[in-house]
Amino acid sequence: MAVTRLGKRDIFRWQTCRLLLSCLVFLAPAARAATPIDRHHAAWTARDGAPTMVMTMAQTSDGWLWLGGPNGLFRFDGARFERYADPAAPLPANSVSILSAQADGDLWIGYRFGGASRLTHGRLRNYDERDGLPKNTGLWGIQPDAGGRMWAATAIGMYQLDGERWHAAGAAWSLPAGKYETLMRDRHGVLWAQGESGVYTLAPGAARFARLPVDSGVGVPIQVVDGSVWSWDALHNRLNRLSAPEHGVRPRAWKLHGEVNTLLFDRAGELWVGRRDGVEYHTAQGVARTGPPQGLSGGAVGALLEDREGDIWASTATGIDRFRRQRVSKVSMPDNPGEQTLVADDDGGVWAGRFHVSRPGHGAPPLKALWPRSPVALDNPVNYAYRDRAGVLWSGAYNGLWRTDGAGSARVPLPDGVGGGTQFNAIVMDRAGGLWASIASRGLFRLGPDGAWQKQDGRGGLPDEAARSMAVSDGQELWIGYQRGRLMRQSADGWRGYGPAEGVRLGVVMALLPAGGRVWAGGENGLALLRGERFSAVTGGDGQAFEGITSIVELDNGDLWLNAVSGLFRIAAAEVAKLTAAADYRVRYERLDGLDGLDGTAPLLLPAPSLARAADGQLWVTTTTGVFRFDPAARNAPQPAPPVQIRKIGPPGQARPALAGMRLAPGTTTLQLDYTAVALAMPERIRFRYRLDGVDAQWQEAGRRRAAYYNNLGAGDYRFRVQASNEDGDWPAEAGTLDFSIAPTVVQTWWFRGVCALAALAICWAAYRLRLRRLIAQLAGRMEERVNERERIARELHDTLLQSIQGLILRVHAAATRLPEPEPARALIEQALEHADDVLHEGRDRVRGLRNHDADEQTLAAALTEAAAHLRATAEAPLLSLVVAGPVHALHPAIQQEILSIACEAIANAYRHAGASAINAQLRYGARELRVIIRDNGVGIPPAVLATGGRRDHWGMPGMRERARRIKAKLTVCGAAGGGTEWLLVLPGAIAYRAGPRRSWLRRAAPA
């Protein structure tokens, strides 16, 4: 790559003025008539954010395109322009005069009014007179020599950087004082310096500069691809050759005249010229020119640059332009662009409509009309063209059917009743040599070898309508496509039909390709492949349906090309093989569009064919904008995906530079993350996807959007990952990452959450205590009611029944005393009175049991001991061993009575059924609960009894459980046959104890 501008110091002032006046170019007609540059052209103006009046450009090793001029320093990633503005390290001046990118990634910046800067990975180092540079003196060139020493060309002389200080290079380097405007280092490491006194060179290892002969001129030095160095002499408007080409290559002669702003020799050795009215491209084939009338962003081209991918960048007074090589070239046609059928000849050319286009360089006229142009414009377009096996071209035009062979073109008579103004939908020749022609609104006809037309509609099972497409297979089977997804196939056995029931859901069938053992059908709804006797739809990996197919071509290597309304598609042979093996496979594909130079889309329905493969392997395409050609084998090598740079992070509108490990402010819930990938060639095909670990379950497809947005984020650590695809849509293995965190607010801190958790536990505990107190109060109330009711019953029994019995006894006794002693009746009455006394005593005992116990009554331990003594039937029975643990609490009388009843039942079972030799009882008074344990070493309870909860027709165990439930206690029994039995009754202390003891936190923490 070689690039240069005119001499800078002397011409900067008048060139700036010329830039300001360049807008007059838009008002004047183009001064030169030339072919537009055949490259994909893109332009950006201030409306797109592009800087204006850019005077210098450079591309750094990270891919960024840097732009400098009187308005400051800018950079471009292929999608967005941004001004360089670092508040921590601002540029010392705005008027940039030179940019020089180095292999180590450094960007050197020179300023119009003095000083320089070095930008290294975002860090800026400024140099001025304090560092040895001349004060208020413009710097026009910065370049290192072969040893890495940095040189600067200024208006008063050359300067070299030693460490961190600049020194003037004078006589010691054989450099005279004066103006120096350009520096250039060639591929051999020779440093070239252009000044007002001539051109000087510093060879690698040399200690002095050498001056070239005086007649070399004083122009800007440029190296060409052949190794020669040229100098543009702006003062004399000429190119001077300063060194010979390498390896004896014959030097190329360049004819360049007129006013020139800037020059560039690209890597192919072609010359680019920037002028006031546009950009010129000089090649061996001639000169192409693009100016404002052809879409250039403005006039007065100020700088030219070739980037690493071979694209050419031009800066104008009002914007930036890019010229990129494109796969597809447009073929100029004299009339009716986008209405040409395409049929290949045998020499690499094609028949395009009513013209024959020769292969470039073949020697034949590039364009030849097959028949004269009709004065009626509608008669000239060809609707359908077909070349038969004999090489005869059949062209169906509005003005009739034409036959073209070696003798020329002749009109063919049409069927009877078919006049002019016809539209041919399809033409094909069958195995017998008959020519089939489908004429819109007229029907389907066959021209026999005898020259007679015969209508085919409705014959032999064919539909009674005109066909939309026709093709002949390798086995000479005729295929016909119709509207509404209908296909017919002619074989030796007759016609076979296919419709929606056989998978043909294509709408209008517009293209057929029965070749290579496969049958492809394309239509308005997509593409289908015949499998056995059914068609299956073909879908792309991203859901692409390939809608609006008008032509299908299969190459010798098996690649399938589709010209469709939705684009020009290529399905590789390997993908076709996978599709053939699996009907549900989604194919990967390549799509050509305007970015490749293919403007427009396939014409709808007609003309056809709109895609043809020439004999030289070139593909010819008709779109709605014209005819194009390209080499399908000349595909660009797959490029790696560009690395992603995460630029900014923060709430929307408050984003700041993204740094690894950065911590965002507390309360940040919404987030915007800006990212980019530098891709200057085809940024339109770069796609992005991202994910935030812990938030996104999978990759989020962003398309071309270069920002991610999140809401409702909480405090914590995050990792953001983003990937960029390459131009082919392939994703890399690695992703750009950014680790960051969001500081918690007060309510999001761990200690606040801990306090809240403790508060919640305290509330739950308080609620539990409140609920327990209510339950205790309810239970105590019910117990009090029971006690009162028992006392009422006792009073009633005492005051009524027992008093009546007592009175009755007295009456009977009085009556008995009146009887004489020896009277037998008296003895019987006295026996009855004794029995009545027993009943009266028993009743009084029951009344005593019903009445409430006083405070000085027995404790649970005493009552249990007394009850066990009554239950011990014989002297041989074991005594009860009772152990009391913990401080004894007074129990609610009713609760104590229920506990005593449960314990007595357990002791009674041990005496009656267990045959135990030892019975133990434990009363454990805890702060939170009361535990009563009755244990014996008897025969135990059979498992069946434990499983059913008691013996049939025995109510001891069920009664114990009922009493436990009544007082909110938990009763469990465990034991096995031969292993003894243990009963455990657990009752909350708040329920059991008459007055719950006040407990300190230390006592509450102690185990029960």
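Residues numbered from 1 in each chain as written. Predicted model: local features only at pLDDT ≥ 70, side-chain atom pairs only at ≥ 80, totals over all residues. Heavy atoms only, no water.

- Going by the annotation in an unreviewed UniProt entry, the name recorded for the protein chain is ATPase, with Duganella aceris given as the source organism.

Considering the sheet that holds strand β63 (residues 707-710)
Alright, step 1. Read across the sheet, four strands follow the order β58-β57-β60-β63 without closing on themselves; strand pairing throughout is antiparallel. Each end of this open sheet is capped by a strand with a single partner; those strands are β58 (656-657) and β63.
Alright, step 2. In this structure, strand β60 (residues 671-677) lies alongside β63, joined through four bridges in antiparallel fashion. Bridging across to β63, Leu673 finds its partner in Ala708. (Pairing = 2+ DSSP bridges. Helix = DSSP H or I, 4+ residues; strand = E, 2+ residues; numbered from the N terminus.)

Remarks on the UniProt feature "domain: Two component regulator three Y" (unreviewed entry) in the protein chain
Alright, step 1. Residues given the UniProt feature "domain: Two component regulator three Y" (unreviewed entry) here are residues 682-742.
Alright, step 2. Between the end C-alpha atoms of residues 682-742 there is a gap of 36 Å, over a span that is 0% helix and 48% strand. (UniProt positions renumbered as here; feature names shortened; annotations may be inferred.)

A short note on a nonpolar patch on the surface
Alright, step 1. Among the surface-exposed residues, Val746, Val747, Trp750, Trp751 and Val755 lie close enough to one another that they form a single nonpolar patch of about 590 Å² accessible area.
Alright, step 2. In this fold, Val755 is placed in helix α3 (residues 750-817).
Alright, step 3. On the accessibility criterion, Val755 (48% relative accessible area) is partly exposed. (Patch = residues over 30% accessible without salt bridge, like charges linked within 9 Å, V, L, I, M, F, W, Y side chains within 5 Å. Areas by Shrake-Rupley, 256 points an atom, 1.4 Å probe, with all protein chains shown as cover. Salt bridge = Lys/Arg side-chain N within 4 Å of Asp/Glu carboxyl O. Buried < 20%, exposed > 50% of the residue type's maximum accessible area, 1.4 Å probe, protein only.)

Focus: the packing of aromatic side chains
Alright, step 1. This model, assessed by the stated rule, comprises 32 aromatic pairs.
Alright, step 2. Aromatic side chains Trp44 and Phe76 sit 5.1 Å apart centroid to centroid with 70° between the ring planes, which places their arrangement in the edge-to-face category. Separated by 32 residues along the polypeptide, Trp44 in strand β2 (residues 40-45) and Phe76 in strand β5 (residues 72-76) bring together distant segments of the chain. The same class applies to Trp44 and to Phe76, which are both buried.
Alright, step 3. Relative to Phe720, the ring of Tyr690 lies with its centre 5.8 Å away and its plane at 40°, an arrangement referred to as tilted. (Phe/Tyr/Trp six-rings, centres within 6.5 Å; stacked < 30°, edge-to-face > 60°.)

Here we look at the sheet that holds strand β19 (residues 220-223)
Alright, step 1. As summarised here, the arrangement of the three strands in space is β19-β20-β21, forming an open sheet in which the pairing is antiparallel. In the strand order of this sheet, the two ends are held by β19 and β21 (238-241), each with one partner. Across the sheet, the mean angle separating the axes of adjacent strands is 30° when strand polarity is ignored.
Alright, step 2. Bridge count between β19 and strand β20 (residues 229-233): four bridges; the pairing is antiparallel. Paired with Ile222 across the strands is Trp230, a residue of β20. (Axes fitted to C-alpha atoms, helices over the stretch in contact; angles between N-to-C directions.)

Observations concerning the packing of helix α6 (residues 893-914) against helix α8 (residues 956-966)
Alright, step 1. Close contact between α6 and α8 brings their axes to 9 Å; oriented N to C, the two are set at 160°. Put simply, α6 runs roughly antiparallel to α8. With respect to the hand of their crossing, α6 and α8 are arranged in left-handed fashion. Residues Glu898, Ser901, Ile902, Glu905, Ala906 and Asn909 of α6 form the contact with α8, whose participating residues are Gly956, Met960, Arg963, Ala964 and Arg966.
Alright, step 2. The class makeup of the residues in the contact of α6 with α8 is four nonpolar, three polar and four charged. (Parallel < 35°, antiparallel > 145°, perpendicular 65-115°, else oblique. Left-handed = near helix turned anticlockwise from the far one by under 90°. Contact = heavy atoms within 4.5 Å. Nonpolar A, V, L, I, M, F, W, Y, C, P; charged D, E, K, R; others polar.)

Some words on the packing of helix α5 (residues 860-871) against α6
Alright, step 1. Between α5 and α6, the shortest axis-to-axis distance is 10 Å and the interhelical angle comes to 35°. The element α5 and its partner α6 pack so that their crossing is right-handed. Of α6, the residues touching α5 (which contributes Leu860, Ala863, Leu864, Ala867, Ala868 and Leu871) are Gln896, Ile899, Leu900, Ala903, Cys904, Ile907, Ala908, Tyr911 and Arg912.
Alright, step 2. For the contact of α5 with α6, a count of residues per class yields 13 nonpolar, one polar and one charged.

Structural notes on α6
Alright, step 1. With 22 residues, α6 should reach 32 Å at 1.5 Å per residue; the first-to-last C-alpha distance of 30 Å fits that figure.
Alright, step 2. The buried fraction of α6 is high, at 17 of 22 residues.
Alright, step 3. Trailing α6 by a residue or two, Gly915 shows a phi angle of about 65°, which is positive. (Expected span 1.5 Å × (residues − 1).)

Some words on a negative patch on the surface
Alright, step 1. Together, Glu834, Asp837, Asp838 and Glu842 give the surface a local cluster of negative charge.
Alright, step 2. Along the chain, the position of Asp838 falls in helix α4 (residues 824-850). (Lys, Arg positive; Asp, Glu negative; His and termini not counted. Charge placed at Lys NZ, Arg CZ, Asp CG, Glu CD.)

Observations concerning the environment of Glu830
Alright, step 1. Tracing the backbone through its elements, the reader meets Glu830 in helix α4.
Alright, step 2. Relative accessible area serves as the criterion here: at 35%, Glu830 is assigned to the partly exposed category.
Alright, step 3. As for Glu830 and Gly843, which are separated by 13 residues in sequence, their C-alpha atoms are 20 Å apart.

A closer look at α5
Alright, step 1. Between its first and last C-alpha, α5 extends 16 Å over twelve residues, near the 16 Å set by a 1.5 Å rise per residue.
Alright, step 2. For α5, the complete set of buried residues consists of Leu860, Ala861, Ala863, Leu864, Ala867 and Ala868. All buried residues of α5 fall inside an arc of 160° around its axis, so they share one side. Set apart from the buried face of α5 by more than 90 degrees, the exposed residues are Ala869 and His870.
Alright, step 3. Those residues of α5 that are buried are in contact with β66 (880-885), α6 and β67 (919-925). (Arc of directions from axis to C-beta.)

A short note on the environment of Gly274
Alright, step 1. Looking at where Gly274 falls in the secondary structure, it is placed in strand β23 (residues 271-275).
Alright, step 2. In this structure Gly274 comes out as buried when scored by relative accessible area, which is 0%.
Alright, step 3. Each C-alpha atom, one on Gly274 and one on Leu263, is 6.2 Å from the other, the two residues being eleven residues apart in sequence.
Alright, step 4. Leaving out residues up to four positions away in the same chain, Gly274 has contacts with Val260, Asn261, Thr262, Val301 and Leu304.

Digging into the confidence of the model for the protein chain
Alright, step 1. When the pLDDT values of the protein chain are averaged, the result is 85; 91% of them are 70 or greater.
Alright, step 2. Contacts for the low-pLDDT stretch residues 1-32, under 50 throughout, to residues beyond four places or in other chains number 76 contacts.
Alright, step 3. Taken as a whole, residues 996-1008 scores under 50 in pLDDT and shows ten contacts with residues more than four places along the chain or in a different chain. (pLDDT = per-residue confidence, 0-100.)

A few points about the pattern of salt bridges
Alright, step 1. Within this structure, the stated rule accounts for 35 salt bridges.
Alright, step 2. Asp430 serves as the salt-bridge partner of Arg446, at 2.8 Å between the closest nitrogen and oxygen. Of this pair, Arg446 sits in strand β40 (residues 443-447) while Asp430 sits in the loop between β38 (424-429) and β39 (435-439), placing them 16 residues apart in sequence.
Alright, step 3. The residue Arg685 makes a salt bridge to Asp593 at a minimum N-O spacing of 2.7 Å. Taken as a pair, Arg685 in the loop between β60 and β61 (688-692) and Asp593 in the loop between β53 (590-592) and β54 (611-613) lie far apart in primary sequence, 92 residues in all.
Alright, step 4. For Arg685, a relative accessible area of 17% translates into the label buried.
Alright, step 5. Looking at Asp593, the relative accessible area reads 24%, which means it is partly exposed.
Alright, step 6. One salt-bridge network, held together by shared partners, links Arg327, Asp559, Arg570, Glu590 and Arg635.

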